[in-house]
Structure formats: C-alpha cells, structure tokens
Amino acid sequence: MRRRTGAAATALLALLALVSGCATGPSLEDQGEVTAPPGDSKHLVVGSAGFTESDLIAQMYALLLNKAGYSTKILSVANRELYEPALESGQIDVVPEYAATFADWLNAKKNGADAEPAGSPDLDATMRSLRRLATPRGLTVLDPGKAVDQNAFAVAASYARRHRLKTLSDLGKSGLKVRLAAGDECVKRPYCAPGLKKVYGIDITGVDPKGVGTTQAKKAVQGGQDQMVLTTSTDATLDDFGLVLLKDDKHLQNADYIVPVVNRSRAGSKGVANALGRLNPVLTTQDLASLNEQVDSWRRLPQDVARTYLEKKNLL
C-alpha cells in the first residue's frame, strides 16, 4: 500500500553507475558473521526514493552530515528493488526508510512473499525484527525519530462534524455505511478494509479503486461519492479538499516511523549516527506534513525547504 516507485530501470542503473567507484561491501553470500569494525567514510552517498518526502529527508540527512564534516552526494533511485541492493553493496551509504515497511520488505526478500509480516503496530517489536533482518546484509538501522508516515483514513470535515467523528472507533460505532476510496489491493490487505471491519466494526460497503491519497480519490470523498479515503499521516493536501483524518485509536496501522538505514562498512560509525540522530527529537509528523506541503503545493525546492527547517531548529 505504501512507498511510491516509478523511474525507468535503465535510467536508474545509469545513475547507480555514477557512484560505482565507491568502495563496496561484500555480497550477502560472502558476509557471514559481521565482524569488521563499522566504517567511517568521509564521502557518503545519500539515497532518496524519489518522492517528495524522501527527497526532503535525504536533503536533511546530507546537510546534517555536511555539518558533521562529511561530504555528501544525493542519488535519487525511485525503486526499492534497485536502491536496497545498492545500499547493501555500498554504492549508496545512507537511505531514509520506514520501519515496518522496510522490515516487511527484507522479510519477504529472505523468506518469500507469503512470509508472516515482520512489521507491526508495535515500534519496539518492529525495530527488533528489522535489525535482525538488516544486520546479516551489512546494514545498520539507526534509531527512529518522532515522525511517522503510515496509512491513515480521512473523511470530509463536514461529514465528521455532522456525525461527531474524531476516531475510527467513532465511525464504527456510528453504524454508517462507508464506501472507501483506496487502491484495489485494499480489499484484501489486513490493514485496510478487512482491518477496518474487524478492529473497528466499520461497515465497508465497497472499495472504490482510485489509488492511495490521489487527487481523484480525495475528490470522490469531497463530493460525497465516497465517504472515506485511504491516504497517509503526512498528507499535506487534506485541507485543500476539506478533509480531516480520523484517529487510528486502536493502532491498526503498522509502525512506519522514519529510520535512517546505513551501509555498516562505510557509514556505520558513531559520527554518522550522532549526526543523523540530531533530527530524531526535532522532526515530528506534523512538521513533515508541513514540509511536504511547501514542496508539493508551494513549489519550493526540497533542498531549500530542508535547509530552512534545519536552520529554524538550530541544527545548522
């Protein structure tokens, strides 16, 4: 349901070739036990997954690393199938990731697509699973911060006022029939329609396959064709459509807190961890939504938005 992809594979491979001169770590098959000391290369490649939020966080990572004495280059690779192996090999050194989503990704890579999920709504359990999966691949997962970008559900503000809805539990108790604008996979995903029915007792009458948080999906709720839309917790455009989020008060959604993931052999040092860790107590989900809005709605450049934010928070 999460994390957007889309650039052509050939173009992405060409981008990766630009940094192929970087020192690379051992392949997974050759790693075995992780015994070598963490690396501390002073020239680091920060990866972005190519969408606004990832670009913003990558820019902040690069600026914080620059402040700590590292030189950085940002590489946008909008496909996890390409950037995750590049992270393992050391072609990319640092990537902002999402704890539960990345845990499930690595779990499926190791155990197959039908493996039991490694991510969960419990952040501590998710981080344990993620680190257990990442370490044998030569990756180090640093500490998560406050910001979380997880699936979220929004309704029209007028609809919420009329039915006195603030939480998903309120919607379940109301007995209202709900047509949900979402991706077509929502029909089967346990954290979407089935979970809304099972956990909250919401009467989902159907899924309108308009995508996750798309303009089309939001307009369908704004116009009353649908009653609720699947989006994300850092969606910066809800006000534009007169929509409000309903609180996930029973914690149906996974703990997709933002975490830096680094190649241990090149960027596993305390210097890197300390530099990136300065963002943890500062960046909130609300802040991230506001930063996304500045790029997506105000058309400001991610690097300018990132620098202004860090300067405002006295991190530069």
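Everything discussed here concerns the structure shown above.
Caption draft 1: Local environment of the nonpolar core. Within the largest apolar cluster, 57 residues are counted, with the highest numbers of intra-cluster contacts made by Met 60, Leu 65, Ile 92, Leu 130 and Leu 279. Per-element tally for this core: the top contributor is helix α3 (residues 52–67), with 9 residues. Ala 154, Cys 192, Leu 196 and Ile 202 belong to the second largest nonpolar core, which has 32 residues in total.

Caption draft 2: Inspection of the pairing of strand β7 (residues 203–209) at higher detail. Bridge analysis of strand β6 (residues 177–182) against β7 gives 6 bridges, and the strand direction is parallel. What sits directly across from Lys 177, in β7, is Asp 203. Considered for its hand, the β-α-β crossover made up of β6, helix α9 (residues 193–200) and β7 is right-handed.

Caption draft 3: Highlighting the packing of helix α5 (residues 99–111) against helix α6 (residues 123–134). For the pair α5 and α6, interaxial distance at closest approach is 9 Å and the crossing angle is 40 degrees. Between α5 and α6, the interaxial angle falls into the category oblique. Handedness of the crossing formed by α5 with α6: left-handed. Packed against α5, whose contacting residues are Ala 99, Ala 100, Phe 102, Ala 103, Leu 106, Asn 107 and Lys 110, the element α6 presents Thr 126, Met 127, Leu 130, Leu 133 and Ala 134 at the interface. Residue composition of the contact of α5 with α6, by class: 9 nonpolar, 2 polar and 1 charged.

Caption draft 4: Fine view of the state of the cysteines. Applying the stated criterion across every chain, the model contains 1 disulfide. Shown here is the disulfide that connects Cys 186 with Cys 192, its sulfur atoms set 1.8 Å apart. When the S-S torsion is -85 degrees, as for the bridge of Cys 186 with Cys 192, the disulfide is left-handed. A residue is classified by how much of its surface remains accessible, and Cys 186, at 0% relative accessible area, is buried.

Caption draft 5: Geometry of the pattern of salt bridges. Applying the stated rule across the entire model yields 13 salt bridges. Of the charged contacts in the structure, one is a salt bridge between Arg 179 and Asp 208, with a shortest N-O distance of 3.6 Å. Of this pair, Arg 179 sits in strand β6 while Asp 208 sits in strand β7, and the two are 29 residues apart along the sequence. Overall, the relative accessible area of 5% leaves Asp 208 in the buried class. Here Arg 179 falls in the partly exposed class, since its relative accessible area comes to 32%.

Rules and cut-offs
Residues numbered from 1 in each chain as written. Predicted model: local features only at pLDDT ≥ 70, side-chain atom pairs only at ≥ 80, totals over all residues. Heavy atoms only, no water. Core = buried A, V, L, I, M, F, W, Y, C linked by side-chain atoms within 4.5 Å. Buried < 20%, exposed > 50% of the residue type's maximum accessible area, 1.4 Å probe, protein only. Helix = DSSP H or I, 4+ residues; strand = E, 2+ residues; numbered from the N terminus. Pairing = 2+ DSSP bridges. Right-handed = clockwise from strand over helix to strand, strands pointing away. Axes fitted to C-alpha atoms, helices over the stretch in contact; angles between N-to-C directions. Parallel < 35°, antiparallel > 145°, perpendicular 65-115°, else oblique. Left-handed = near helix turned anticlockwise from the far one by under 90°. Contact = heavy atoms within 4.5 Å. Nonpolar A, V, L, I, M, F, W, Y, C, P; charged D, E, K, R; others polar. Disulfide = S-S within 2.5 Å. Salt bridge = Lys/Arg side-chain N within 4 Å of Asp/Glu carboxyl O.

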